[in-house]
Structures are given as C-alpha cells and as structure tokens.
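Secondary and tertiary structure notes
Chain residues, written in single-letter form:
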Amino acid sequence: MLRYLAIPVVIIGLLTTACQTSMLKQFGEVKPGMEKDDVLDLMGSPSRTQRFHGKDRWTYVFYDDRIRFEKEVQFFNGNAIYVGDISQPEVTKTAMAVDAINDQKNKEIDEQIAKEVEQHRKEYSDYEAKARGEDKVRYVPEFESIR
C-alpha cells in the first residue's frame, strides 16, 4: 500500500525537477515597469538589497552552467526602472573622482582664504598707521642754535 503512494510522489518530484528553467532565462523575463511583487514571484528573494539615491536595488546572484552571474533590478516608487548587469557609476561620479574634485576645491578655498587674511592684515596695519598719524608728513621747523 505504501508503495502505491510513493510512486506518484516520485513521479511528481521528477516532473517538477525537469520543468525547472535556468535563472538566467527567468531573469530575461524581468522587464522595466514590472512591480516588486511580480519580480518576487518570478525570481524569488534577491541575494542583496540596498537603498541608494532614492532607489531600491535588488541584486540576484546565480550560476548557470558553472558561470556566475550578478544581475540587478532597480526600483523607483515600486516599479522596475533598470534591469540588467550591476550598474557602475560614471567615471566622473566614482568616489575617487569626487574626492579629487573636492580636494581641488578645498585647495582653491584655502588659497583664497590665505589671500584674504593677508589683505586684511595689510589693511589693519594701514589703519593703525593712519590712526597714529604716521601717514602724514609733518613740518618740523628749522631752528638756529643760539650761542
């Protein structure tokens, strides 16, 4: 009796195993505009999730024929806006490029501040000299000595 119940279970298991499609083909069905629930139903839970610049980024890592794939889906307001490989920022927007630009701006600001400080010091010493009257030429009469 137990044998008769085990046969259908084994057959169903074999059929469901044979019907599995590759994750790469499943990911190919994900399109921009799909909602998060639709992507979850199709692909399952992502390997990584991240919120970056107001967008939800889901990363799927899977193997197909021993080749590792990392694919990404980006969502904005619950709808997919990007589907594909892991997106890399533009070269001008990488952390190192932004740091270099900021360092250059900071250097320019420091130079400007140094110029302003030197100018303020000169203006202050000019003001002090004027307050003491050092900027005026004074007439000193000549006296003849008395003998």
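These numbers come from a predicted model, not from an experiment. (Residues numbered from 1 in each chain as written. Predicted model: local features only at pLDDT ≥ 70, side-chain atom pairs only at ≥ 80, totals over all residues. Heavy atoms only, no water.)

1. Points about the nonpolar core
What counts, and what does not: The term nonpolar core refers to a set of buried residues drawn from Ala, Val, Leu, Ile, Met, Phe, Trp, Tyr and Cys, joined through side-chain atoms within 4.5 Å. Three labels apply to residues, based on accessible area from a 1.4 Å probe with only protein chains included: buried if under 20% of the type maximum, exposed if over 50%, partly exposed otherwise in between. Numbering of helices and strands runs from the N terminus, with a helix taken as a DSSP run of H or I at least four residues long and a strand as a DSSP run of E at least two residues long. Between two residues, a contact is recorded if the distance between any of their heavy atoms is within 4.5 Å.
With twelve residues, the main nonpolar core is built from Phe27, Val30, Met34, Val39, Met43, Trp58, Tyr60, Phe62, Phe69, Val73, Phe75 and Ala80. Breaking this core down by element, the ones donating at least two residues are helix 3 (36-43), strand 2 (55-64) and strand 3 (67-76). Ignoring any residue separated from it by four or fewer positions in sequence, one finds Met34 in contact with Glu29, Val39, Leu42, Phe75, Gly78, Asn79 and Ala80.

2. Observations regarding the environment of Phe75
Topologically, Phe75 is positioned in strand 3. Contacts of Phe75, omitting those with residues within four sequence positions, involve Met34, Glu35, Lys36, Val39, Lys55, Asp56, Trp58, Ala80 and Ile81.

3. Let's talk about the sheet that holds strand 3
Just so we agree on the cut-off: What makes two strands pair is DSSP finding at least two bridges between them. Only the stretch in contact is used when a helix axis is fitted, and all axes are lines through C-alpha atoms; the angle between N-to-C directions ranges over 0 to 180 degrees.
Within the open sheet, the four strands sit side by side as 1-2-3-4. Their pairing is antiparallel. Either end of the sheet is taken by a strand with one partner, and the two such strands are strand 1 (48-52) and strand 4 (79-85). Neighbour-to-neighbour, the strand axes of the sheet open up by a mean angle of 25 degrees, direction not taken into account. Relative to strand 3, strand 2 runs antiparallel, the two sharing nine bridges. Within strand 3, the residue paired with Phe62 across the bridge is Phe69. Sheet strands touched by helix 3: strand 2 and strand 3. Its angle to strand 2, the strand with the most contacts, is close to 10 degrees.

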